[in-house]
Amino acid sequence: MTRYDGDVLAGNWRRPLKGKIPQVPAELDLVVEDADSGFCGAVVGCDKEAVTLEDRFGRRRLFPLAPAAFLLEGKPVTLVRPAAAPRGPARSASGSIAVEGLRARVARESRIYVEGVHDAALVEKIWGHDLRVEGVVVEYLEGVDHLAAIVEEFGPSPDRRLGVLVDHLVAGSKESRIAAQITSPHVLVVGHPFVDIWAAVKPSVLRIPAWPSVPKGVPWKEGVIAALGWRMEPAEAWKRILGSVSSYADLEPELLGRVEELIDFVTNPGDSD
């Protein structure tokens, strides 16, 4: 009889002499060895039934999560699926914390006006939850040519504020001249630089490199549809665009900041007093 007689792996080697085989979460990058095959690698994936290991050569193999099926630093362990990370608070499409079981607040007298139905639909899709929490109604104007008269009819006051979102509000534009006519401290007129609200959607969302340039004299929506090779009417094209938007991350920051500014203005009447 010598010190080397006998098989060192004989018997139930997976059962430690004392205590139970430890359970180890199969966290990403944990390096273990499959006890049966000797395949050694880092954890790159795990579900409720199996774990995927990747060795130093980039080879990957899938192994079942069997009891004591792996060696960690030479000792048998049972890999288990990692516990799910704790969920944070639910978020609305605008990125704000969603209010569970929301019941819409009674509408304020204050309002937000946008130029058209497409503008209203986009604002509703992204900020609809926030607006219901705050009790703010969004209405559309069908253009801003008569904005001064509309503001006068609205009758803004410290407790009845009006926010207006204008397309193509850039220096020297018709829209900028119209906006300059509004001087009430209870009205805030802001805008984005895009010719149309369509262009406030990031091109990557629609898998196009950029919004096409449309020659002067060509209706912008029809020109965009033709340049993109879309065989559809503007209403159908807008349905496609809006359907591609799911959160604030799909919109250009020039629009995001302006809408947030309007919501803050109409919901905080004491700020300008």
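Here the structure is a predicted model, which is why all the values come from computation and not from measurement.

This part takes up the confidence of the model for the protein. On average, the protein scores 87 in pLDDT, and the residues at 70 or more come to 88%. Contacts from residues 1–11, a stretch scored under 50 in pLDDT, to residues over four places away or in other chains number zero contacts.

Note that soluble globular proteins tend to have their nonpolar side chains buried in a common cluster. W127, W198, W211 and L251 are the most contacted members of the largest nonpolar core, which totals 40 residues. For this core, the elements supplying multiple residues, two or more each, are β8 (111–114), α1 (117–134), β11 (187–191), α4 (220–228), α5 (234–243) and α6 (253–267). With seven residues, α6 is the single largest residue contributor to this core. Listed in part, the 14 residues of the second largest apolar core include F154, L162, V187 and V189.

Time to look at the layout of surface pockets. The volume enclosed by the largest pocket comes to roughly 220 Å³. Considering the residues around the largest pocket, the lining is formed by E115, G143, V144, D145, D167, H168, K174, E175, V195, D196, W220 and K221. For the lining of the largest pocket, the secondary-structure elements that each account for two or more residues are α3 (174–179) and α4.

Moving on to the environment of R91. Mapped onto the elements of the fold, R91 is located in the loop between β7 (75–80) and β8. By relative accessible area, R91 is classed as exposed at 53%. Sequence separation between R91 and H129 is 38 residues, and the spatial gap between their C-alpha atoms is 9.9 Å. Residue contacts for R91: discarding those within four places in its chain leaves S96, I97 and A98.

Of all the five residues making up β11, five are buried; the element is thus mostly covered by neighbouring parts of the structure. Alternating residues of β11 divide into V187, V189 and G191 and L188 and V190, and every residue in both groups is buried. Each parallel crossover has a hand, and the one from strand β10 (residues 162–166) via α3 to β11 is right-handed.

Right, let's get into the pairing of strand β2 (residues 31–34). Every second residue of β2 is oriented toward a common face, the buried set being V32 and D34 and the non-buried set V31 and E33. As paired strands, β2 and strand β3 (residues 40–46) are joined by three bridges and run antiparallel to one another. Paired with V31 across the strands is A42, a residue of β3. Hairpin connection between β2 and β3: a loop of five residues separates the two successive antiparallel strands, and G38 in this loop has a positive phi of roughly 80°. Examined bridge by bridge, β2 and strand β6 (residues 70–72) share two bridges and lie antiparallel to one another. Paired with E33 across the two strands is L71, which belongs to β6.

What counts and what doesn't
Residues numbered from 1 in each chain as written. Predicted model: local features only at pLDDT ≥ 70, side-chain atom pairs only at ≥ 80, totals over all residues. Heavy atoms only, no water. pLDDT = per-residue confidence, 0-100. Contact = heavy atoms within 4.5 Å. Core = buried A, V, L, I, M, F, W, Y, C linked by side-chain atoms within 4.5 Å. Buried < 20%, exposed > 50% of the residue type's maximum accessible area, 1.4 Å probe, protein only. Helix = DSSP H or I, 4+ residues; strand = E, 2+ residues; numbered from the N terminus. 1 Å grid on protein atoms, 1.4 Å probe; cavity = no way out; pocket = protein on both sides within 12 Å on 5 of 7 lines; lining within 4 Å. Points joined across faces, edges and corners; volume = space filled by probe spheres on them. Right-handed = clockwise from strand over helix to strand, strands pointing away. Pairing = 2+ DSSP bridges.

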